[in-house]
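Fold and contact review
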Amino acid sequence: MFGVSRGTRGFFLALFAGLVLSQTGHAQSALSMNAAAGVPFDVNVRSIRELRYNHIVSQRYDYSCGSAALATLLKYGYGIDIPETEMIQRMMVFSTPEVVVKNGFSMLDMKKFVETIGLRGRGFRVTSEALYHLQIPVLVLMNSDGYEHFVIVKHAEDGRIFIADPALGNRIVMEDDFVKKWNGLVFAVVGKPFMEDSPLLQGNESLALKLRERALENGTAATPFVEYGLIKAELF
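Attention in this report is confined to the structure presented alongside it. Every chain begins its residue count from 1, and numbering advances along the sequence as written. Local features in this predicted model are restricted to residues whose pLDDT is 70 or higher, and side-chain atom pairs enter the listing and the counts only when it is 80 or higher, whereas totals over whole chains, interfaces and linings include all residues. Computation of side-chain values: all heavy atoms of the structure, hydrogens and water removed.

1. Here's the deal with the packing of aromatic side chains
Pairs were defined over the aromatic rings of Phe, Tyr and Trp, the Trp ring being its six-membered one, requiring ring centres within 6.5 Å. Orientation was assigned from the angle between planes: stacked under 30 degrees, edge-to-face over 60, tilted for the rest. In this structure the tally under the stated criterion is 3 aromatic pairs. Ring centres 5.4 Å apart and planes at 10 degrees place the aromatic pair Tyr-61 and Tyr-63 in the stacked group.

2. Comments concerning the pattern of salt bridges
By salt bridge we mean one thing: a side-chain nitrogen of Lys or Arg within 4 Å of a carboxyl oxygen of Asp or Glu. Taken as a whole and assessed by the stated rule, the structure comprises 3 salt bridges. Residue Glu-86 is joined to Arg-90 by a salt bridge in which the shortest nitrogen-to-oxygen separation is 3.0 Å. On the criterion of helical spacing, the pair formed by Glu-86 and Arg-90 is a turn pair, its members being 4 residues apart in helix H4 (residues 84-91). The closest approach of N and O atoms between Glu-115 and Lys-111, which form a salt bridge, is 3.1 Å. Note that Glu-115 and Lys-111 are positioned in helix H6 (residues 107-115) at a spacing of 4 residues, about one turn of the helix. Judged by its relative accessible area of 42%, Glu-115 falls in the partly exposed class. Burial status follows relative accessibility: with a 1.4 Å probe on protein chains alone, a residue under 20% of its type maximum counts as buried, one over 50% as exposed, and anything between as partly exposed. Take Lys-111: its relative accessible area is 16%, and that puts it in the buried class. Strands here are runs of E lasting at least two residues and helices are runs of H or I lasting at least four, both read from the DSSP assignment and numbered beginning at the N terminus.

3. Here's the deal with the pairing of strand E5 (residues 169-174)
Relative to E5, strand E4 (residues 160-165) is paired through 6 bridges, and the arrangement is antiparallel. Following the sheet pairing, Ile-163 is matched in E5 by Arg-171. In this description, strands pair whenever DSSP reports at least two bridges between them. In sequence, E4 turns back onto E5 through a hairpin of 3 residues.

4. Points about the packing of helix H3 (residues 65-78) against H4
For any two helices packed against each other, one specifies the crossing angle of their axes together with the interaxial distance. What counts as an axis is a line fitted to C-alpha atoms, over the stretch in contact for a helix, and the angles between N-to-C directions run from 0 to 180 degrees. Running from N to C, H3 and H4 point in directions that differ by 115 degrees, and their axes come no closer than 9 Å. Relative to H4, the element H3 lies roughly perpendicular. Between H3 and H4 lies a crossing whose hand is right-handed. Contact residues: Ser-67, Ala-68, Leu-70, Ala-71 and Leu-74 in H3; Glu-84, Met-87, Ile-88 and Met-91 in H4. Of the residues assigned to the contact of H3 with H4, the class counts are 7 nonpolar, 1 polar and 1 charged. Should an angle fall under 35 degrees it is called roughly parallel, over 145 degrees roughly antiparallel, and 65 to 115 degrees roughly perpendicular, with every other angle called oblique. What makes a crossing left-handed is the near helix being turned counterclockwise from the far one by less than a right angle; a clockwise turn instead makes it right-handed. Here a residue-residue contact requires only that any non-hydrogen atoms of the pair lie within 4.5 Å. As a working rule, the residues Ala, Val, Leu, Ile, Met, Phe, Trp, Tyr, Cys and Pro are called nonpolar, Asp, Glu, Lys and Arg charged, and the rest polar, with Gly in that last group.

5. Comments concerning unusual backbone geometry
Of note, His-55 is a non-glycine position whose phi angle comes to about 60 degrees, a positive value. Note on placement: His-55 falls in the loop between helix H2 (48-52) and H3. Of note in this structure, Asp-145 is not a glycine but carries a positive phi near 55 degrees.

6. Some words on the side chain of Ser-198
The topology assignment puts Ser-198 in the loop between strand E6 (185-190) and helix H8 (207-218). Given a relative accessible area of 2%, Ser-198 falls into the buried group. When neighbours within four sequence positions are excluded, Ser-198 is seen to be in contact with Tyr-76 and Gly-77.

7. A look at the nonpolar core
Soluble globular proteins tend to bury their nonpolar side chains together. The criterion is simple. A nonpolar core is a set of buried Ala, Val, Leu, Ile, Met, Phe, Trp, Tyr and Cys residues joined through side-chain atoms within 4.5 Å. Counting residues in hydrophobic clusters, the biggest one holds 54 residues, and the most contacted among them are Leu-70, Leu-74, Leu-131, Val-140, Val-153, Phe-178 and Val-189. Mapped onto this core, the elements with two or more residues apiece are H3, H4, H6, strand E2 (138-144), strand E3 (147-157), E4 and E6. Considering each element in turn, this core owes the most residues, 8 residues, to H3. The residues contacting Val-189, other than those within four sequence positions of it, are Leu-70, Leu-73, Leu-74, Tyr-78, Val-114, Leu-119, Arg-120 and Ile-136.

8. With respect to the side chain of Asp-109
Along the polypeptide, Asp-109 turns up in helix H6. Counted as positive: Lys and Arg. Counted as negative: Asp and Glu. His and the chain ends are not counted at all. Despite being buried, Asp-109 has no salt bridge partner; Lys-112 is the closest side chain of opposite charge, sitting 5.5 Å away. Leave out the neighbours within four places in its chain, and Asp-109 touches Met-91, Phe-94 and Ser-95.

9. What to know about the packing of H3 against H6
Running from amino to carboxyl end, H3 crosses H6 at an angle of 40 degrees, the nearest separation of the two axes being 11 Å. With respect to H6, the element H3 is oriented oblique. You can see that H3 and H6 cross each other, and the crossing is right-handed. In this structure, H3 contributes Gly-66, Leu-70 and Leu-74 to the contact, and H6 contributes Met-110, Phe-113 and Val-114.

In short, shape yes, function no, at least from these values alone.
Quick look at the structure:
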């Protein structure tokens, strides 16, 4: 260990104290100047819940997952903002309160409703492989321990299914687990261009999307419904 004389030690202590005072004075000065200049110090902090439900219309009732999922798709995919309570009232025309409270809305109810606002609803039976080629998000019905629940599949990647869930928020489900709870049906809403800057498309790097972009660049038209990544025969 090196020996340090008392004078040398005193010199370094004085130097260190001067640096601390200098830095402290500088920081206080900067703080005072910012405060005097009226610079706000508020930081926009978002809660975990806000992040989880970002760009999702949350369902308010046990039976309203279908209306909330459809409201999410319309709002963030087509710019059509319909509050969930209004959506329920307008969709109830195609069913009855007793049936809806017990079973929720069906894909057929959704199809009939979107036709009233100038869109079209199409149901397809596909394999999980088709989810990797989606160009637009689709609604699917999952069954978890006997409880049927509508969610939006945004896209699939590397064995993971990216979901917007009106009850649980944005989440990722492993493909093997997803397939066990899914009936193989998807419901697509078409009839007008899906918003290219839609937050529901974030992270979608599917082959179908790249092919669509290439077709737009080349000026070639995509085959109907193939452009949505759905090439199976429609169910309704």
